[in-house]
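For reference, the chains in residue letters:
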Amino acid sequence: MTNNADPYPARLPGYDGGPLTHRPELLEEPLFWLGHLSSCVHSDETAELLWGADHDAAGDFQEDLWTRADWPSFTVPLAEEHRLHVVYRTFADDRGIDYLLHHPDWGRAELLAQDDGHFMGPGLSWPELVAAAENTRPGGSTADPHARLLLLLPASGDAEVPDDAVGRLAAALRARTGVEDPERLAAALLEEQGAPGTANWTTAGPGFPVNDGAYSFRNPANPFALPADRLARAAAALAP
């Protein structure tokens, strides 16, 4: 039986697939990040800034990751036992990265974003992303805010990032990757952002953040959006 209070569960309720395997050691590999951030690249210039001479090595590293029988996963703790789970879905014909929010008392994990050929998102605003990265709560795959920021970056999308966002992302790239120009890469990644692109975040009538992304589960106008009560609890769990 799965213990839903386990910070590194083998299964998540309401989420098919797995088993999930906690693989925190991958976060120490610079080549991991070059592949993980690939969906944030939408131009040849940004691709060169990210991969450079490591393009082939990064591709080989990712291919080894995608051909595993298990599903590598990572956890970022939030307030009051909420957790963000990042899962590498290694189905041979449907591989991708899922970003899920869960609490031990919930009957199901909430899918916030998918990073694959049928991408969905964004699932996080910039303030939510930074808050998750910089909290000091134990029980995650890494306590390093730089690694947490890069891990969650493809799930975010925000049309109004603050002036210090480039410096914050550049510091993470400098700390965790071997890219030659982290400042230029950070600026390019924030310009292009994840596969679903940017979104405008506002406060809904009931008082919780939503966005206008055409592919977002957190846009109430979308027919596939989370119901209002689940949007509210997700926003409360992610609140900066």
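(A) Molecular detail of the overall build of the protein. Each helix and strand counted, the protein has eight helices and seven strands in total. For the C-alpha atoms alone, the extent of the protein along its principal axes is close to 45 × 40 × 35 Å. For the protein, the residues scored as buried account for 55% of the 240 residues in total. As presented, the protein carries roughly 10600 Å² of accessible surface, and 50% of it is formed by carbon and sulfur atoms. Of the side-chain charges in the protein, 16 are positive and 37 negative, and the distance between the mean point of each set is 7 Å.

(B) Broad picture of the packing of aromatic side chains. By the definition in use, this model includes nine aromatic pairs. Measuring from ring centre to ring centre gives 6.2 Å for F74 and Y88, while their planes differ by 85°; the resulting arrangement is edge-to-face. Here F74, found in strand β2 (residues 71-77), pairs with Y88, found in strand β3 (residues 83-89); they are 14 residues apart in sequence, far enough to count as distant. Per residue, the accessibility class of F74 equals that of Y88, and both read buried. What links up through ring pairs into an aromatic cluster is the set F32, W33, W66, F74 and Y88.

(C) How the structure looks around the side chain of Q193. Along the chain, Q193 turns up in the loop between α7 (182-192) and β6 (201-203). A polar atom in the side chain of Q193 sits 2.8 Å from the backbone oxygen of D158. Setting aside its immediate chain neighbours within four residues, Q193 contacts S39, C40, H42, S156, G157, D158, V161 and T198.

(D) A look at unusual backbone geometry. Geometrically, the link from G18 to P19 is a cis peptide bond, its omega value of 10° lying close to zero. Looking at where P19 falls in the secondary structure, it is placed in the segment before β1 (20-22). Cis geometry is found at the peptide bond from G121 to P122, where omega equals 0°. Tracing the sequence through the fold places P122 in the loop between β5 (110-115) and α4 (126-134). For E80, which is not a glycine, the phi torsion comes out positive at approximately 55°. Checked against the element boundaries, E80 lands in the loop between β2 and β3.

(E) Local environment of the sheet that holds β3. Taking strand neighbours across the sheet as the criterion, the five strands line up as β1-β2-β3-β4-β5 in an open arrangement whose pairing is mixed. In this open sheet, the two strands that pair with only one neighbour each are β1 and β5. The sheet shows a mean angle of 30° between the axes of neighbouring strands, direction not considered. By the bridge criterion, seven bridges tie β3 to strand β4 (residues 96-102) in an arrangement that is antiparallel. Across the sheet, L84 pairs through a bridge with L101, a residue of β4. With respect to the sheet, helix α3 (residues 55-66) is in contact with β2, β3 and β4, its orientation differing from that of β3 by roughly 95°.

(F) Molecular detail of the pattern of salt bridges. Taken as a whole and assessed by the stated rule, the structure comprises 14 salt bridges. When the shortest N-O distance is used, the salt bridge between E25 and R23 registers 2.3 Å. Across the pair E63 and R95 runs a salt bridge, and its minimum N-O distance is 3.5 Å. You can see E63 sitting in helix α3 and its partner R95 sitting in the loop between β3 and β4, a full 32 residues away along the chain. Residues joined by salt bridges that share partners form a network here, namely R89, D94, D98 and D116.

(G) View of the packing of helix α2 (residues 44-51) against α7. At a closest axis distance of 10 Å, the pairing of α2 and α7 adopts a crossing angle of 135°. By the angle between their directions, the pair α2 and α7 is classed as oblique. Seen along the crossing, α2 lies across α7 with a hand that is left-handed. Mapping the contact onto sequence places E45, T46, L49 and L50 in α2 and R184, L185, A188, L189 and E192 in α7.

What counts as what
- Residues numbered from 1 in each chain as written.
- Predicted model: local features only at pLDDT ≥ 70, side-chain atom pairs only at ≥ 80, totals over all residues.
- Heavy atoms only, no water.
- Helix = DSSP H or I, 4+ residues; strand = E, 2+ residues; numbered from the N terminus.
- Buried < 20%, exposed > 50% of the residue type's maximum accessible area, 1.4 Å probe, protein only.
- Areas by Shrake-Rupley, 256 points an atom, 1.4 Å probe, with all protein chains shown as cover.
- Lys, Arg positive; Asp, Glu negative; His and termini not counted.
- Charge placed at Lys NZ, Arg CZ, Asp CG, Glu CD.
- Phe/Tyr/Trp six-rings, centres within 6.5 Å; stacked < 30°, edge-to-face > 60°.
- Polar contact = N/O pair within 3.5 Å; in protein donor to acceptor, adjacent residues only side chain to side chain.
- Contact = heavy atoms within 4.5 Å.
- Pairing = 2+ DSSP bridges.
- Axes fitted to C-alpha atoms, helices over the stretch in contact; angles between N-to-C directions.
- Salt bridge = Lys/Arg side-chain N within 4 Å of Asp/Glu carboxyl O.
- Parallel < 35°, antiparallel > 145°, perpendicular 65-115°, else oblique.
- Left-handed = near helix turned anticlockwise from the far one by under 90°.

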